[in-house]
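Structure at a glance
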Number of protein chains: 2
Amino acid sequence: MPGKVAVLGLGLIGGSLCRAMRASGFADEVVGYDRDGGVGELALDLGVVDRFEASLEHALSGAELVVIATPTLAAADVLGEVLIKLPAETVLTDVASVKGNLVAAYRQTRAAILADDTLSISGVAPFVPGHPIAGSERSGVDASRPELFESHRVILTPLGDGDADALALVRRLWESAGAEVVEMPVAQHDAILAATSHLPHILAFALVDALSRSELSDDIFRFAAGGFRDFTRIASSNPVMWRDIALANREPLVQAIDDFGEHLKALRDAVAAGNGAELENTFADARSAREDFIKQQG
Amino acid sequence: MPGKVAVLGLGLIGGSLCRAMRASGFADEVVGYDRDGGVGELALDLGVVDRFEASLEHALSGAELVVIATPTLAAADVLGEVLIKLPAETVLTDVASVKGNLVAAYRQTRAAILADDTLSISGVAPFVPGHPIAGSERSGVDASRPELFESHRVILTPLGDGDADALALVRRLWESAGAEVVEMPVAQHDAILAATSHLPHILAFALVDALSRSELSDDIFRFAAGGFRDFTRIASSNPVMWRDIALANREPLVQAIDDFGEHLKALRDAVAAGNGAELENTFADARSAREDFIKQQG
């Protein structure tokens, strides 16, 4: 059990992780840091953290585990800023939706630190990238709850040259919050998230944008029915967060859009050609694949 | 109030319309016909209809209003088969999701009937195309309920050369079922439905099909979260019904897919170029358009 855990960024995910640690007694002390001091005060008032530090240095000082829980794009900058301040014994992890850009930032910062002769250091803190597959339509520390991760999956993408003890500690962190931890390579994580989450968001945003710019847009929105509401729900997501995710996961996302585009083109051509057999086969295969997915999710 | 109304096809929509007419007392007698005699017997047992006729001729005989409530593609064939059997006083309407192909079938059949000197007829029954924007995840006569259309919109696409009395009768039919009736040109209806319903179905089918054929498909379905479930719900729709709708609404649907494809391409290029400003603007516009839509739906 670590003595002190520092969580940087007290939004829905960071706040919920703090609450889960306090509830399970995972650490002696759960310390929060947020660039927005008001959020930190609120977290303290709500009992989300044991202590709030307005200074990043104070938050990091003496921590055995540091969790970067800022928005996706900020995470890479925060990682660079934090890594140079940490002793080699501290374990660093994060919760961002994209992992490749963070791993690249870590490797680059570590190499720069190790190459800098003016720094007298014993080593660089190990990094265990993590991504809890959990969320809510709500955001912010006031939406945080200790059971957010219960029975949800957390994907860790440990570096090939990583530290086994560090990995074990981050595993215990999430298991103590009730999550099921799985490991996979970074590239696989980013490709899977591009396909299952980032691509559907792009499609929903593109659809609503296309329809709102159509000359029939008034009638389109007037006559849209329930299925449309469900289908476009994710187009109500935070534009800045999704901009950041799209930028952080650029190449896998472009690949996923292109793969999708080929399948859409095939269906489009089947409609144009009146090829009923191909349409029915594709629709039936898709229905059966989705039903397998639903069964699997239970 | 008409004496006899005949409903051809006792599925969810046809069955619910029968129940609504019986509940409101819209007609003296609600007679059902279905190619599947078992469905007809069930409809009678469930109290959906006053009477079930196993013969199409008997069902039509003496009806003041005939409602074609078969699946979309079958509707055009049924219209051709029925029109020649109807006296000019009977009013013909339908409930299919696509209107252009039915209007074409009506005009063609009417022209053929009028040109046939061997038929001694006074005229051809007027046709008022209709489309209730209502449905359910369930289908079949056992899912039918009298309030299915309450507070839902029904779009009528009357022919320019149509019969005002016929239109008034079909309006009263739906108003008596609690629906709000609106009128628009056939081409506008089909373009709106292509955009708001048929295109989203094609996108959901294409997405699930693309993901299920990916080399990562096992993991993709394993790690997909709640948003994916919502987004792909409509990919569990009936493949034959959607094949028929896609074939019936070919040109407007291809147009809608192509419009969408241009917007998707623009987003794809913005991701590839790392153009954060364009991504954020498009996402923000889409979110605000969707929120206006949700407010409007109340």
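Residues numbered from 1 in each chain as written. Chains lettered and ligands numbered in written order. Predicted model: local features only at pLDDT ≥ 70, side-chain atom pairs only at ≥ 80, totals over all residues.

Digging into the overall build of chain A
Helices and strands together make up the secondary structure of chain A, namely 12 helices and 9 strands. Reported as C-alpha extents along the three principal axes, the dimensions of chain A are approximately 70 × 40 × 35 Å. Excluding contacts between residues fewer than 6 apart, the proportion of contacts in chain A whose partners are at least 24 apart in sequence is 75%. (Helix = DSSP H or I, 4+ residues; strand = E, 2+ residues; numbered from the N terminus. Contact = placed C-beta atoms within 7 Å.)

Examining the relation of the copies chain B and chain A
For the pair chain B and chain A, the superposition axis carries a translation of 0.0 Å, the fit reaches an RMSD of 0.0 Å, and the rotation angle comes to 180 degrees. On the angle and the small slide along the axis, the relation comes out as a two-fold axis. In terms of C-alpha distance to the rotation axis, chain B has B:Phe231 as its closest residue, with the C-alpha 2.3 Å off the axis. Interface overlap between copies: 100% of the residues of chain B at the interface are likewise at the interface in chain A, consistent with a symmetric, same-surface contact. (Least-squares fit on C-alpha atoms with pLDDT ≥ 70 in both.)

Side note on the domain arrangement of chain A
All names here are of chain A. Splitting chain A by domain gives domain 1 (4-184) and domain 2 (188-297). Centre-to-centre, using C-alpha coordinates, domain 1 lies 32 Å away from domain 2. At the junction of the two partners, domain 1 supplies 12 residues and domain 2 supplies 10 residues. Taken together, the residues of the side of domain 1 that touches domain 2 sort by class into 5 nonpolar, 6 polar and 1 charged. (Domains from an automatic or database assignment. Nonpolar A, V, L, I, M, F, W, Y, C, P; charged D, E, K, R; others polar.)

What about the pairing of strand E4 (residues 65-68) of chain A?
All names here are of chain A. By the alternation rule, side chains of E4 split into Leu65 and Val67 and Val66 and Ile68, which are all buried. Relative to E4, strand E1 (residues 4-8) is paired through 4 bridges, and the arrangement is parallel. Pairing of Leu8 across the sheet is with Ile68, part of E4. As defined by bridge partners, E4 adjoins strand E5 (residues 91-94) across 4 bridges and the pair is classed as parallel. Bridged to Leu65 within E5 is Val91. Handedness of the β-α-β unit built from E4, helix H4 (residues 72-83) and E5 comes out right-handed. (Buried ≥ 20, exposed ≤ 12 C-beta atoms within 10 Å, placed from the backbone. Pairing = 2+ DSSP bridges. Right-handed = clockwise from strand over helix to strand, strands pointing away.)

What to know about the sheet that holds strand E9 (residues 180-183) of chain B
Residue and element names in this part refer to chain B. Across the sheet, 3 strands lie side by side as E7-E8-E9; this open sheet has mixed pairing. Strands at the two margins of the open sheet, each flanked by one partner only, are strand E7 (130-132) and E9. Between one strand axis and the next, the sheet turns through 20 degrees on average, direction left out of account. With 4 bridges connecting them, strand E8 (residues 153-156) and E9 associate as parallel partners. Residue pairing across strands places Arg153 opposite Glu180, the latter belonging to E9. (Axes fitted to C-alpha atoms, helices over the stretch in contact; angles between N-to-C directions.)

Focus: the interface of chain B and chain A
Counting from both sides, the interface comprises 71 residues of chain B and, opposite them, 71 residues of chain A. Mapped by element, the contributors of at least two residues to the side of chain B that touches chain A are helix H7 (186-212), helix H8 (217-223), helix H9 (226-231), helix H10 (239-248), helix H11 (250-273) and helix H12 (276-297) of chain B. Here the element with the most residues in the side of chain B that touches chain A is H7(B); it accounts for 18 residues. The class makeup of the residues in the side of chain B that touches chain A is 43 nonpolar, 14 polar and 14 charged.

Describing the environment of A:Leu267
Considering the arrangement of structural elements, one finds A:Leu267 in helix H11 (residues 250-272). With 24 C-beta atoms packed within 10 Å, A:Leu267 lands in the buried category. Once the C-alpha coordinates of A:Leu267 and A:Phe283 are considered, the two residues, 16 residues apart in sequence, prove to be 9.6 Å apart. With residues near it in sequence (within four places) discarded, A:Leu267 still touches A:Leu279, A:Thr282, B:Ile202, B:Phe205 and B:Ala206.

Comments concerning the packing of helix H10 (residues 239-248) of chain A against H12(B)
The geometry of H10(A) relative to H12(B) is characterised by a closest axis approach of 9 Å and an angle of 140 degrees between their N-to-C directions. Viewed along their axes, H10(A) and H12(B) adopt a mutual orientation that is oblique. Both H10(A) and H12(B) take part in a crossing whose hand is right-handed. On the side of H10(A), the interface is formed by A:Pro239, A:Val240, A:Trp242, A:Arg243, A:Ala246 and A:Leu247, while H12(B) contributes B:Gly276, B:Leu279, B:Glu280, B:Phe283, B:Ala284 and B:Arg287. A breakdown of the residues in the contact of H10(A) with H12(B) according to their chemical character gives 8 nonpolar, 1 polar and 3 charged. (Parallel < 35°, antiparallel > 145°, perpendicular 65-115°, else oblique. Left-handed = near helix turned anticlockwise from the far one by under 90°.)

Some points on the sheet that holds strand E5 (residues 91-94) of chain B
Sheet architecture is open: 6 strands sit in the order E3-E2-E1-E4-E5-E6 (chain B), paired in parallel fashion. The open sheet has two free edges, formed respectively by strand E3 (51-52) and strand E6 (127-128) of chain B, since each of these has just one partner strand.

Remarks on unusual backbone geometry
With a phi close to 65 degrees, A:Ser151 is a non-glycine residue in the positive phi region. For A:Ser151, a count of 9 C-beta atoms within 10 Å translates into the label exposed.

What about the environment of A:Val95?
All names here are of chain A. Note on placement: Val95 falls in the loop between E5 and helix H5 (100-115). Residue Val95 is classed as buried on the basis of its C-beta count, with 25 C-beta atoms lying within 10 Å. Between the C-alpha atom of Val95 and that of Val128, which follows or precedes it by 33 residues, the distance is 10.0 Å. Apart from the residues within four sequence positions on either side, Val95 is in contact with Ile13, Val67, Ala69, Gly130, His131 and Pro132.

Considering helix H7 (residues 186-212) of chain A
Since the α-helix advances by 3.6 residues per turn, residues separated by three or four positions end up pointing in the same direction. All names here are of chain A. Look at H7: 37 Å from first C-alpha to last across 27 residues, which is about the 39 Å you get at 1.5 Å a residue. If you look at H7, its biggest bend is around 45 degrees, right at Ala194. Counted residue by residue, H7 has 24 buried out of 27 residues, so it is predominantly covered. (Expected span 1.5 Å × (residues − 1). Bend = angle between axes of the 7 residues up to and from the residue.)

A short note on the pairing of strand E2 (residues 29-33) of chain B
All names here are of chain B. Buried residues dominate E2, accounting for 4 of its 5 residues. As judged from the 5 bridges shared by strand E1 (residues 4-8) and E2, these two strands associate in the parallel manner. Bridge assignment links Val7 to a residue of E2, and that residue is Gly32. Running through helix H1 (residues 12-24), the crossover from E1 to the neighbouring parallel element E2 is right-handed. The pairing of E2 with E3 spans 2 bridges and is classified as parallel. Bridging across to E3, Val31 finds its partner in Arg51. In this fold, E2 hands off to helix H2 (residues 37-45), which returns the chain to E3; that crossover is right-handed.

Focus: H2(B)
Residues and elements named next belong to chain B. For H2, the set of buried residues is Val39, Gly40 and Ala43. Buried residues of H2, viewed axially, fall in a sector of 100 degrees; they line one side. The exposed set on the far side of H2, more than 90 degrees from its buried face, consists of Gly37, Gly38 and Asp45. Buried residues along H2 sit in contact with H1, E2 and E3. (Arc of directions from axis to C-beta.)

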